[in-house]
Amino acid sequence: MTNDPKGMAPSSKLSSSDLSEIDVMGIDGQASWLDGGFTWLARLFAFCTVAVLGWMTWVIFQQALPAIREYGLEFLWSQDWSIGDLVFGALPYLHGTVVSSTIALLLAIPIGLAVALVTSENFLPAWVRSPLAFIVELIAAIPSVIIGLWGIFVLIPFLLPIQLWLFNTLNWIPLFSTEPFGPGMLVAGVILAIMILPTMAAISRDVLLAIPQELRSASGALGATRWETIFRVMLPAAIPGLLGAATLALGRALGETMAVTMVIGNSPQISPSLLNLAYTIPAVLANEFGEALDDLHIGALMYLALILFALTLAVNVFAVLLVQTVGSASQSATVYRGR
Amino acid sequence: MKVEDLSQPLPPVRQFFSYAMTAIAFLLTGLALLPLFAILIEILRQGLPNLSLETLVSLPAPIGVTDQPNGFANAIVGTLIMVGLASLASIPIGVMTAIYLTEFGKGGAIANSIRFIATVLSGVPSIVVGVFAYGVIVLTTKNFSAIAGSFALAVLMLPVVVLSTEGALNLVSNSQRLASAALGSSRFQTTWRVVLLSALPGITTGILLAVARAAGETAPLIFTALFSQNWFSGLQNPTPSMSVLIYNYANSPYVEQTSLAWTASVVLVLMILLINILSRLVTRNRLDIQ
């Protein structure tokens, strides 16, 4: 105690009871109560946000339980779906969901990358680049049902001659082996590509912009052209982030409902041909939930919803972790998450 | 190596590669812009001619009746009510969650996991959120209702509000918080009078974007709020909305109904694009000033 030089001087002049009379903290009862209450309220509401995800999982799982007990894992590879006979199997829907999303991804990745490169490189003056990026992102703001309406009246008639040509010239390939109807798997894939393009383009752009300028300068100083720099330096450095962008886009495609429901033809069959009609999990949920009465039918639909939920959850968690490795890009990644 | 080598033009192969890749990139970018303009032009071409005051204030006419005014006023009212209720629930919870993330729990493990869960929640497909609302409300009350629709929309809006508000609060500089604390304000006073006030434009923008998104959602409403041809008749009853009207009428064999779907699309898209472009301008101006 005696060795403490700081404690000595004041304590000799002021006793601790003198100090307590000067109210340095300025906390009166009401303000302190308000402060504490506010903090707890914020905690409570933050907990609510977390609870929603848990609640959602529990409700869907619990409702799916009758169907899980009845069909077990066999549901996943069973092909029949008959409401009258109460026989339900998920395979045609899983097939449609996965194949249409794959088509979308194959189309959206190169186009999204091109947009990201054009809007992040200095091909164009800065005042053109940002509005261009914004216009591409604007597609994400148009409601899915309106894109579906456009799909029915514009995209299907536009793609029909192309589908006919594919069938007539390439029908020896199983992918194009059935006569096109108009709606079908290919149209659904194209419309999904349009809808996930903003996600792919916006996040890839952020990832590319986050790459240190020194890498580009070094590559240029060694004599590489712009495109050699892009292919050998920029893209390899951006791979984790670009993979994250593609995964987020995939998550969005898997869960996209209205536009797909309106153009895929809604026929539960497994056909190798992309020109054939198909069905997806979100589409069957949208079509049958409003009229589902039987407990087992509702249970089977809930089981499908659970599968879709688990699938998108896994894809999204993986994507968020990937994009976060690129740091600053994670901010916009959260904004362009799918609907 | 001779000095002349350094000033040699690129070999033709490398030059060609550069030009070809630039051309391909621009071609694909043009392709990316095509759908947006095709969609906007088609909506305006098909929907604008029928847009009149009559369509905004009258009920859908029965099929085959041509002498009655035909419109979708009931759907506009239904959308406003359900989006309004969803906002009332999701905005306070979302903003408070964001306040917790930036003001109280910043950097901590709890805040990081809450942010992660909000991010994951924003990636849940809207149809799954609809299924959730169906399980929670429709199955319990045995009735399709506006409440179920609002509940689904609120769950969809919540993560969007949280993440955009958090972004806006993070833009408030720390020196403002320190200055407020140095003047003797409590945490509540600093948050309420300083941080929230200066972040208000950003928060408003985020909320407007969430509202615009909710107004266009169809999948979570289609089997929770269902649809109705009549006026809104209470929160316990099936309620029409613009987006479900577009979906129901899109495949209709009757021209009156498909043209009504296009007209409703014009109203919905113009509103949503206006909010998006305005919020973009507001955010950009704020960033420029800083």
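Residues numbered from 1 in each chain as written. Chains lettered and ligands numbered in written order. Predicted model: local features only at pLDDT ≥ 70, side-chain atom pairs only at ≥ 80, totals over all residues. Heavy atoms only, no water.

So what exactly am I meant to see when it comes to the packing of aromatic side chains here?
To describe a pair of aromatic rings, you give the distance between the ring centres and the angle between the ring planes. Residues and elements named next belong to chain A. Per the stated rule, a full pass over the model turns up 21 aromatic pairs over all chains. Taken together, a centroid distance of 6.0 Å and an interplanar angle of 25° make the contact between Tyr71 and Phe75 stacked. Taken individually, Tyr71 and Phe75 each receive the classification buried, so the pair is uniform in this respect. Relative to Tyr303, the ring of Phe75 lies with its centre 4.2 Å away and its plane at 5°, an arrangement referred to as stacked. With Phe75 in the loop between helix H3 (29-71) and strand E1 (81-82) and Tyr303 in helix H12 (residues 295-324), this pair connects stretches of sequence that are 228 residues apart. (Phe/Tyr/Trp six-rings, centres within 6.5 Å; stacked < 30°, edge-to-face > 60°. Buried < 20%, exposed > 50% of the residue type's maximum accessible area, 1.4 Å probe, protein only. Helix = DSSP H or I, 4+ residues; strand = E, 2+ residues; numbered from the N terminus.)

Help me understand the interface of chain B and chain A, please; the structure alone is not making it clear to me.
Note on interface size: it is often stated as the accessible area lost on association of the parts. Facing the 83 residues of chain B at the interface are 80 residues of chain A. In terms of surface lost to chain A, no three residues of chain B exceed Ile39, Met96 and Phe132 of chain B, which account for 8% of the buried area on that side. A salt bridge links Arg14 of chain B to Glu228 of chain A, with the shortest nitrogen-to-oxygen separation between them at 2.8 Å. Taken together, the links from chain B to chain A amount to 10 residue pairs in polar contact (both at pLDDT 80 or more). Top element by residues in the side of chain B that touches chain A is helix H2 (residues 12-47) of chain B. It accounts for 20 residues. Grouping the constituent residues of the side of chain B that touches chain A by class yields 58 nonpolar, 19 polar and six charged. (Contact = heavy atoms within 4.5 Å. Buried area = accessible area lost by both parts, 1.4 Å probe. Salt bridge = Lys/Arg side-chain N within 4 Å of Asp/Glu carboxyl O. Polar contact = N/O pair within 3.5 Å; in protein donor to acceptor, adjacent residues only side chain to side chain. Nonpolar A, V, L, I, M, F, W, Y, C, P; charged D, E, K, R; others polar.)

Is there a simple way to think about unusual backbone geometry in this case?
With glycine set apart, most residues show a phi of negative sign, and most peptide bonds adopt trans. All names here are of chain B. Phi at Lys142 is positive, roughly 55°, even though this residue is not glycine. By the secondary structure assignment, Lys142 is in the loop between helix H6 (126-141) and helix H7 (146-171). Backbone geometry at Leu226 places phi at a positive 55°, although glycine is not the residue there. Structurally, the position occupied by Leu226 is in the loop between helix H9 (187-216) and helix H10 (242-250). The class for Leu226 is partly exposed, based on a relative accessible area of 25%.

Can you help me understand H6 of chain B in this one?
Structurally, the α-helix is built with 3.6 residues per turn, so residues lying three or four positions apart point the same way. Residue and element names in this part refer to chain B. Relative to the 22 Å expected for 16 residues at 1.5 Å per residue, H6 spans 22 Å between its end C-alpha atoms, a close match to the ideal helical length. Maximum bend of H6: about 40°, positioned at Tyr134. A positive backbone phi angle near 55° is found at Lys142, which sits one or two residues after H6. (Expected span 1.5 Å × (residues − 1). Bend = angle between axes of the 7 residues up to and from the residue.)

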